[in-house]
Amino acid sequence: MSSATTTPDRRPDTTTDTRTAPRSPIAALLGKPEVGALIGAIAICVLFLSVAPAFRGLANVGTILYQSSAIGIMAVPVALLMIGGEFDLSAGVAVTSSALAASMLAWEFNFNVWVGILLALAISLAVGFANGWLLYRTRLPSFLVTLGTYFVLQGANLAVPRLIDDNVTSPKIDDMAGFDSAHAVFASSHTFFKSDSFEGITINISVLFWVLLTVVAAVVLTRTRAGNWIFAAGGDAEAARASGVPVVRTKIGLFLFVGFAAWLLGMHTLLNFATVQSNQGVGNEFIYIIAAVVGGCLLTGGFGSVIGASIGALIYGMTNLGITYAGWNVDWLKTFLGIMLVLATLINMWVRRQAERR
Amino acid sequence: MSAARGSSSEERAYRDHEEPKNVEPEADSEHDATDSVIRLEGVGKTYGTVRALTGIDLSVQAGEVTCVLGDNGAGKSTLIKIMAGLHEHTSGTMLVSGKARKFGSPREAVEAGIATVYQDLALAPLMSVWRNFFLANEIRKGPLRLLDADRMKRITRDELAKMGIDLPDVDRPVGSLSGGQRQCVAIARAIYFGAKVLILDEPTAALGVKQSGVVLKYVARAAESGLGVVFITHNPHHAFLVGDHFVILKLGQMALDASRDEITVEQLTEQMAGGDELAELRHEMHEAD
């Protein structure tokens, strides 16, 4: 008690704490996780618009969006999973596994293609569930569990086609029953604004999938109870559990969503080319993670944005084609991505600190 | 008295371990089980071969603050975790509103009206104040069951204002609030969601003098509004400011069980520091001079 008289209380009174003053609109904007990615996307767009003449061609918009969708369809669930505090390193090969499962099953048993597609969905969801369940049962970090799944799937992707068909490419299924209708659903494309003087913008249906997934996931994350639980499970799993959030169910749900998206992209890949190669998809898991991180997701979970991840995927698509259009050696793509990852992380960190300071 | 009780329930702990179905006789508890919201009778907890708690008898009355004191490792956390549903007790009975219960999950405890505010507050630091406030109790509207963010923000602001915290921006991440404010958000949340019992785990441990005062004020206010409050602390002065009933834990057993009129703050401090041990310590310090 005597100390109270000798040292005046310097602590601000909680009731008149100036730190709780409303944030300025600029700070609120900068506090949004996707802002850094948006600035990055604009910068990259300007860069390639100025150095690559082909980038300016409107017809290439379709190609850029297509490239982006191939990453974005997976970047969206991977971002949700990261916000929920977990990784999935098996996300890249899981796409190929799903495509191989659909084609091998349909081919081997002479099913209608649709039967193969539905069986592949069951398998993809089972892989997602297995990841989530193993995580819960073993309490190992998801990095380890999904690294294991990654190698199991990659091995199976090579071994099973070899065992059945002695090949590393799945048999062509474009003459099988149900292929045409499945192709229309998963891999058709439409050309817009076509005229005599303009070849038109060709949009693949995968772009529609990507946009739909982004919108649905963004609404779920920010506007539903499940989204609140995802943020909480990733931000502080113990706190979430103590508050009554079913953390295990939430995380298994996220892995199931990754499984679903892997199936969707796998079906697109399969039906677009009628065949898949065993070694496809290896390494893509990192590109999904890069897209999510560039989009503002924290590696530690609890913070991030689905829209940001989709902007990250768009950045990837623009870079991938921009390098080609600019006439640079495409071998530099990964180097470029690596630099961008670190830069984006630094920018995101800086932006967040600015937002907190205001 | 408490020592004798301790040893008998130790034996009981072993028996219960072999026969988990064993139900305690409830005859003697029936007459006053009705007015205590939570009543522990001979409750113990073993982790493998470690006995963390033995023979705890505790009764939490509505409108009263029950203080549980003890040094680090005395078993305070284990006791909270049993009442909060994070751990199941391995012996004895826990009566909640007169019924013997064993909680399998924190959710069950919350549904039974027991809200716990942990030392680490169970708040996700990167989430906004209102999202934390309504975590696992979200208000939804419309056919799509979307979050009613406006209403939740308004309620959060109002409830915090009732506790004397003026927080114009409930969109702010909880991590940017001061320790006392965070504590109050957690307490306000527990009260708002209809808790009958509020368990506070060291709410003043990491706070300065003034903020501790603010939090203690809300502890008293919560009890006045009819809640049964369990206030866990290692600070006898804080406990004596608000407590109606005092329990001291030592090495997993009850070392003291007294009501406010039976004890003074000096005695409480002395007991807390372990009376004899303190005298010995004083002696040793003199020796050192």
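Residues numbered from 1 in each chain as written. Chains lettered and ligands numbered in written order. Predicted model: local features only at pLDDT ≥ 70, side-chain atom pairs only at ≥ 80, totals over all residues. Heavy atoms only, no water.

Considering the overall build of chain B
The cut-off we apply is this: Numbering of helices and strands starts at the N terminus; helices are DSSP runs of H or I of at least 4 residues and strands are runs of E of at least 2. To sort residues, take the accessible area from a 1.4 Å probe on protein chains only and compare it with the maximum for the residue type: under 20% means buried, over 50% means exposed, and anything in between is partly exposed. By the convention used here, residues are in contact when the closest approach between their heavy atoms is within 4.5 Å. With residues, only the protein chains shown are counted as cover, and all accessible areas are computed by Shrake-Rupley using a 1.4 Å probe.
For chain B, the helix and strand inventory stands at 11 helices and 12 strands. Burial analysis of chain B (289 residues in total) assigns 54% to the buried set. Taking as baseline every contact in chain B between residues at least 6 positions apart, the subset at least 24 positions apart corresponds to 64%. Counting every atom, chain B has about 13,300 Å² of accessible surface; 50% of that belongs to carbon and sulfur.

Details of the UniProt feature "transmembrane region" (unreviewed entry) in chain A
Where we set the bar: UniProt positions are given in the numbering used here, feature names are shortened, and annotations may be inferred rather than shown by experiment.
The UniProt record annotates "transmembrane region" (unreviewed entry) at residues 35-58, 64-82, 113-136, 201-221, 252-274, 286-312 and 332-351 of chain A. The straight-line gap between the two end C-alpha atoms of residues 35-58 of chain A is 26 Å; of that span, 71% is helix and 0% is strand.

As for the packing of aromatic side chains
Note the threshold: Aromatic rings from Phe, Tyr and Trp, taking only the six-membered ring of Trp, are treated as a pair when their centres fall within 6.5 Å; an angle between ring planes under 30 degrees marks them as stacked, one over 60 as edge-to-face, and anything in between as tilted. A ring is scored as having a charge over it whenever the NZ atom of a lysine or the CZ atom of an arginine sits within 6 Å of its centre and within 35 degrees of its normal.
Applying the stated criterion across every chain yields a total of 18 aromatic pairs over all chains. When the ring of A:Phe109 is compared with that of A:Phe111, the centres are 5.5 Å apart and the planes differ by 25 degrees; the resulting orientation is stacked. Within the aromatic cluster, the residues linked to one another by ring pairs are A:Phe48, A:Phe55, A:Tyr325, A:Trp328 and A:Phe336. Over the ring of B:Tyr47 we find B:Lys45; its NZ or CZ atom is 5.1 Å from the centre of that ring.

Thoughts on the sheet that holds strand β12 (residues 253-259) of chain B
All names here are of chain B. The condition is simple: A pair of strands is treated as paired once DSSP finds two or more bridges between them. The axes are straight lines fitted to the C-alpha atoms, using for helices just the contacting stretch, and the angles between their N-to-C directions are given from 0 to 180°.
Read across the open sheet, the 6 strands follow the order β6-β9-β10-β3-β11-β12; overall the sheet is mixed. Looking at strand neighbours, the two that pair on one side only are β6 (114-117) and β12, the edges of this open sheet. Taken over all neighbouring pairs, the strand axes of this sheet differ in orientation by 15 degrees on average, direction set aside. Sheet strands touched by helix α7 (residues 179-192): β6 and β9 (197-201). Its angle to β6, the strand with the most contacts, is close to 175 degrees. Each of β3 (65-70), β9 and β10 (228-233) is contacted by helix α8 (residues 209-224), which is oriented at about 150 degrees to β10, the strand it contacts most.

Concerning helix α6 (residues 149-162) of chain B
Residue and element names in this part refer to chain B. Here is the rule we go by: Each helix should span, by expectation, one fewer than its residue count multiplied by 1.5 Å. To obtain the arc, one takes the directions from the helix axis to the C-beta atoms.
The terminal C-alpha atoms of α6, which comprises 14 residues, lie 20 Å apart, in line with the 20 Å expected from a rise of 1.5 Å per residue. Of all the residues in α6, the buried ones are Ala149, Met152, Lys153, Ile155, Thr156, Glu159 and Leu160. Along the long axis of α6, the arc covered by the buried residues comes to 165 degrees, so they all point the same way. Opposite the buried face of α6, by more than 90 degrees, sit the exposed residues Asp150 and Lys162.

Some points on the sheet that holds strand β2 (residues 50-61) of chain B
Think of a sheet as strands paired side by side through backbone hydrogen bonds, with each pair either parallel or antiparallel. Residues and elements named next belong to chain B. Read from one edge of the open sheet, 4 strands run β2-β1-β4-β5, paired in antiparallel fashion. Each of the sheet's edge strands pairs with one partner strand only, and the pair in question is β2 and β5 (99-100). Here strand β4 (residues 91-96) pairs with β5 via 2 bridges, running antiparallel. Following the sheet pairing, Val96 is matched in β5 by Lys99.

Considering the nonpolar core
Generally speaking, soluble globular proteins have nonpolar side chains that are buried together. What counts here: Only buried residues count toward a nonpolar core. Its members are Ala, Val, Leu, Ile, Met, Phe, Trp, Tyr and Cys residues joined through side-chain atoms within 4.5 Å.
By size, the foremost hydrophobic cluster in this structure holds 100 residues, and its most contacted members are A:Met74 and A:Leu271. If we skip the residues at most four places from it in the chain, A:Met74 touches A:Ala91, A:Val95, A:Val258, A:Ala261, A:Ala262, A:Leu265 and A:Tyr288. Membership of the second largest hydrophobic core comes to 53 residues, among which are B:Trp130, B:Val185, B:Ile263 and B:Val265.

Concerning the interface of chain A and chain B
Rule in force here: The term buried area denotes the loss of accessible surface (1.4 Å probe radius) that occurs when two parts are joined, taken as the sum for both partners. We call two N or O atoms a polar contact when they sit within 3.5 Å, provided that within protein one can donate a hydrogen and the other can accept it, with sequence-adjacent residues counted only if both atoms are side-chain atoms. Lys, Arg, Asp and Glu make up the charged group, whereas Ala, Val, Leu, Ile, Met, Phe, Trp, Tyr, Cys and Pro make up the nonpolar group; the residues left over, Gly among them, are polar.
Facing 36 residues of chain A, the contacting portion of chain B comprises 34 residues. Across the chain A/chain B interface, buried area totals approximately 3,200 Å², and carbon plus sulfur atoms make up 55% of it. At the junction of chain A and chain B, the tally comes to 5 residue pairs in polar contact (both at pLDDT 80 or more). For the side of chain A that touches chain B, the secondary structure elements donating two or more residues are α9 (205-223), α10 (225-235) and α11 (237-243) of chain A. Taken together, the residues that form the side of chain A that touches chain B break down as 15 nonpolar, 11 polar and 10 charged.

Notes on the packing of α9(A) against helix α12 (residues 247-273) of chain A
Residue and element names in this part refer to chain A. Rules: For classification, angles of less than 35 degrees are called roughly parallel, those exceeding 145 degrees roughly antiparallel, those between 65 and 115 degrees roughly perpendicular, and all remaining angles oblique. What makes a crossing left-handed is the near helix being turned counterclockwise from the far one by less than a right angle; a clockwise turn instead makes it right-handed.
In the contact formed by α9 and α12, the axes pass within 11 Å of each other and the chain directions differ by 165 degrees. The orientation of α9 relative to α12 falls into the category roughly antiparallel. Like other packed secondary-structure pairs, α9 and α12 cross with a definite hand, here right-handed. Within the contact between the two elements, α9 uses Ser206, Phe209, Leu213 and Ala217 and α12 uses Phe257, Phe260, Ala261, Leu264 and His268. Of the residues belonging to the contact of α9 with α12, the class tally is 7 nonpolar, 2 polar and no charged.

Re the side chain of B:Lys45
Residue and element names in this part refer to chain B. We apply this condition: The positive count covers Lys and Arg only, the negative count covers Asp and Glu only, and His and the chain ends enter neither. Salt bridge, as applied in this entry: a Lys or Arg side-chain nitrogen positioned within 4 Å of an Asp or Glu carboxyl oxygen.
Relative to the helices and strands, Lys45 is located in strand β1 (residues 36-47). Put simply, Lys45 is tucked away with no salt bridge, and the nearest opposite charge, on Glu88, sits 7.3 Å away. A polar contact is formed between the side chain of Lys45 and the backbone oxygen of Glu88, at a distance of 3.0 Å. In this structure, Lys45 is in contact with Val50, Arg51, Ala52, Leu53, Thr78, Ile82, His87, Glu88, His89 and Thr90, ignoring residues within four places of it in sequence.

Some points on the side chain of A:Asp88
Residues and elements named next belong to chain A. Mapped onto the secondary structure, Asp88 falls in the loop between α4 (60-83) and α5 (91-109). Despite its burial, Asp88 remains without a salt bridge, the nearest opposite charge being carried by Lys251 at 14 Å. Within the local environment of Asp88, its side chain forms a polar contact with the side chain of Ser90, the two groups lying 2.6 Å apart.

Focus: the environment of B:Ser36
All names here are of chain B. Its place among the elements puts Ser36 in strand β1. For the pair formed by Ser36 and Ser59, sequence separation is 23 residues and the distance between their alpha carbons is 6.0 Å. Residues within four places of Ser36 in sequence aside, it is in contact with Ser59, Val60, Gln61 and Ser97.

Considering the pattern of salt bridges
All names here are of chain B. Counted under the stated rule, the structure contains 5 salt bridges over all chains. The closest approach of N and O atoms between Glu41 and Arg39, which form a salt bridge, is 3.0 Å. Here Asp148 ties to Lys141 by a salt bridge, and the two come within 3.8 Å at their closest N and O atoms.

Description of the environment of B:Thr93
Residue and element names in this part refer to chain B. Mapped onto the secondary structure, Thr93 falls in strand β4. On the basis of relative accessibility, which here comes to 7%, the residue Thr93 falls in the buried class. For the pair Thr93 and Gly42, spaced 51 residues apart in sequence, the C-alpha separation works out to 6.6 Å.

Looking at the confidence of the model for chain A
Just so we agree on the cut-off: What pLDDT reports is the predictor's confidence in each residue, on a scale of 0 through 100.
Across chain A, pLDDT averages 88, with 92% of residues at or above 70. Here residues 1-20 of chain A is modelled with pLDDT under 50, and outside its nearest four sequence neighbours on either side it reaches 23 contacts, counting other chains as well.

As for α9(A)
Three- or four-residue spacings in an α-helix give side chains the same orientation, since the helix completes a turn every 3.6 residues. Between its terminal C-alpha atoms α9(A) stretches 26 Å, which fits the 27 Å expected from 19 residues at 1.5 Å a residue. At the N-terminal boundary of α9(A), the capping side chain belongs to A:Asn204, with an oxygen 3.0 Å from the backbone nitrogen of A:Ser206.

Description of the pairing of β9(B)
Consecutive side chains of a regular strand alternate in pointing toward one face of the sheet and then the other. Residues and elements named next belong to chain B. To keep it simple, the criterion reads: Crossover handedness is defined here as right-handed if the route from the first strand over the helix to the second strand goes clockwise, with the strands pointing away from the viewer.
With 5 of 5 residues buried, β9 lies mostly within the body of the structure. The pairing of β6 with β9 spans 4 bridges and is classified as parallel. Bridge pairing in β9 places Val117 opposite Leu200. The pairing of β9 with β10 spans 5 bridges and is parallel. The partner of Ile199 across the bridge, within β10, is Val230. The parallel pair β9 and β10, bridged by α8, forms a crossover whose chirality is right-handed.

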